[in-house]
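Fold and contact review
Now for the letters of each chain:
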Amino acid sequence: MSNNTLVGFFAYLNWLLNPFHGLETTEVYDLIGTTALTEHRLYLNLGYWRDADTIDEASEALALLVAERGGMAAGDVVLDCGYGFGDQDILWARSMKPEKIIGLNITRSQVERARMHVADAGLGNMIDLREGSATAMPIADESIDLVVSLESAFHYRSREDFFREAYRVLRPGGRLVTADIVPTKHAGNPFRRMEQWISWSLVAGKFNIPQENYYLIPSYTSKLLSAGFVGIDIKSIRDDVYRPLHEYLSRDQTFVRKLPPVARMLAKSALHRSAESVYAGLDYILSYAEKPEKSG
């Protein structure tokens with residue numbers, strides 16, 4: 001085993017097992033690298049499983065669900081915040097055919113890989129992937145028709161700053177759509193509350209969800225309203241995400257076999273538990289909001 005491999009292995013192990021060791025978002029994704037759930041693409045989302053049989057189908061279905069909820073269409077200028085490896089942008093360019101997709105991502109290793117994917121797909125004229133922050137967007141005021149954030153807004157410090165920036169860059173009548181992870185409402189049963197706390201704490205700690213983003217759907221709505229948005233609609237889709245994902249990973253061990261040995265052992269242990277226990281503290285929402293049209 002080379003020195004670089006050893007360093008990478010122990011860094012992964014320290015992140016995974018040390019409760020006092022946290023990483024910045026870019027460090028988390030640099031460490032994970034291209035270890036994606038999907039087999040044929042590099043989607044980093046958990047998937048929407050209502051009509052899907054495989055993780056690739058579910059990940060693509062979630063990307064399309066976000067685009068459809070935002071009314072993505074020809075003529076739109078789209079801003080994709082947290083684009084991962086760019087697979088969703090390629091999918092949208094081919095299927096929804098917006099005028100242009102601009103992407104912002106702070107993880108340089110993903111930016112470089114995503115740009116290569118776009119170039120290989122021959123879509124460089126439609127997709128402009130940039131290194132930049134969703135909370136300090138290098139984007140002109142009122143220049144965007146649709147802002148999307150697919151499974152990344154929980155990372156932003158803070159999500160409220162992202163809402164304000166999204167409002168600024170959207171044209172009047174523009175739309176904001178997020179597929180996002182928030183905590184579940186506390187259960188009445190104290191044992192269930194403990195299960196929820198453990199579930200949320202593990203995910204929030206390891207995937208760098210800042211404490212200012214620890215809030216439920218009603219607060220999510222309030223923060224969108226405070227940013228100026230109207231027409232807000234937030235739905236929990238957790239039943240079409242966590243349980244079917246858990247069942248799929250229990251049946252198909254392809255992703256589990258990609259993991260380093262200790263991570264593989266922990267994953268198998270989690271898959272022997274019920275989905276309701278493993279994901280007890282995690283809600284999953286699809287959020288839609290609009291910037292008001294200018295009056296007069």
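Up top is the structure.
Below you will find a few notes about this structure. (Residues numbered from 1 in each chain as written. Predicted model: local features only at pLDDT ≥ 70, side-chain atom pairs only at ≥ 80, totals over all residues. Heavy atoms only, no water.)

1. Section: the overall build of the chain
- Looking only at helices and strands, the chain features 12 helices and seven strands.
- In the chain, which comprises 296 residues, the share counted as buried stands at 50%.
- Considering only contacts in the chain between residues 6 or more positions apart, those separated by 24 or more positions represent 75%. (Helix = DSSP H or I, 4+ residues; strand = E, 2+ residues; numbered from the N terminus. Buried < 20%, exposed > 50% of the residue type's maximum accessible area, 1.4 Å probe, protein only. Contact = heavy atoms within 4.5 Å.)

2. Topic: the nonpolar core
- One finds Trp 92, Ile 127 and Tyr 284 to be the most contacted residues of the largest nonpolar core, which totals 52 residues.
- Sort the elements by how many residues they give to this core and helix α3 (residues 55–69) lands first, with seven residues.
- The residues touching Trp 92, leaving out its near neighbours within four places in the chain, are Ala 63, Leu 64, Val 66, Ala 67, Met 72, Asp 80, Lys 97, Pro 98, Ile 101, Val 148 and Leu 150.
- Of all hydrophobic cores here, the second largest spans 27 residues; its members include Cys 81, Ala 153, Phe 163 and Leu 224. (Core = buried A, V, L, I, M, F, W, Y, C linked by side-chain atoms within 4.5 Å.)

3. What to know about helix α7 (residues 190–206)
- Spanning 17 residues, α7 covers 24 Å between terminal C-alpha atoms, matching the ideal 24 Å at 1.5 Å per step.
- Listed as buried for α7 are Gln 196, Ser 199, Trp 200, Ala 204 and Lys 206.
- Between the side-chain oxygen of the N-cap and the backbone nitrogen of Phe 191 there are 2.8 Å, and the N-cap of α7 in question is Asn 189.
- Remark: Asn 208 follows α7 within two positions and exhibits a positive phi of approximately 55°. (Expected span 1.5 Å × (residues − 1). Polar contact = N/O pair within 3.5 Å; in protein donor to acceptor, adjacent residues only side chain to side chain.)

4. A short note on the packing of aromatic side chains
- Scanning the model with the defined rule gives nine aromatic pairs in all.
- With 5.2 Å between their ring centres and 40° between their planes, Trp 49 and Tyr 248 make a pair best called tilted. Residue Trp 49 is located in the loop between α2 (25–32) and α3, and its partner Tyr 248 is located in helix α9 (residues 242–251); the two are separated by 199 residues in the primary sequence. Taken as a pair, Trp 49 and Tyr 248 share a single burial class, namely buried.
- Their ring planes at 90° and their centres at 5.3 Å tell us that Trp 200 and Tyr 214 sit as a pair that is edge-to-face. With a gap of 14 residues between them, Trp 200 in helix α7 and Tyr 214 in the loop between α7 and α8 (217–227) connect regions that are remote in the sequence.
- Accessibility expressed as a relative area gives 7% for Trp 200, which makes it buried. (Phe/Tyr/Trp six-rings, centres within 6.5 Å; stacked < 30°, edge-to-face > 60°.)

5. Quick notes on helix α5 (residues 108–120)
- The end-to-end C-alpha distance of α5 is 18 Å, a good match for the 18 Å that 13 residues give at a rise of 1.5 Å each.
- Among the residues of α5, Gln 110, Val 111, Ala 114, His 117 and Val 118 are the ones counted as buried. Looking straight down α5, one finds that the buried residues subtend no more than 125° of arc, so they occupy a single side. Facing away from the buried surface of α5 by more than 90 degrees, the exposed residues are Arg 108, Ala 119 and Asp 120.
- Of the residues one or two after α5, Gly 122 is the one with positive phi, at around 70°. (Arc of directions from axis to C-beta.)

6. Digging into the sheet that holds strand β7 (residues 282–290)
- Strand order in the open sheet formed by seven strands is β3-β2-β1-β4-β5-β7-β6, and the pairing between neighbours is mixed. Because the sheet does not close on itself, it has two edges, and the strands there are β3 (127–131) and β6 (230–236). Averaged over all neighbouring strand pairs, the angle between strand axes comes to 15°, with direction disregarded.
- Alignment of strand β1 (residues 77–81) against strand β4 (residues 144–150), held across three bridges, turns out to be parallel. Looking at β4, one finds that Val 78 is bridged to Leu 146. (Pairing = 2+ DSSP bridges. Axes fitted to C-alpha atoms, helices over the stretch in contact; angles between N-to-C directions.)

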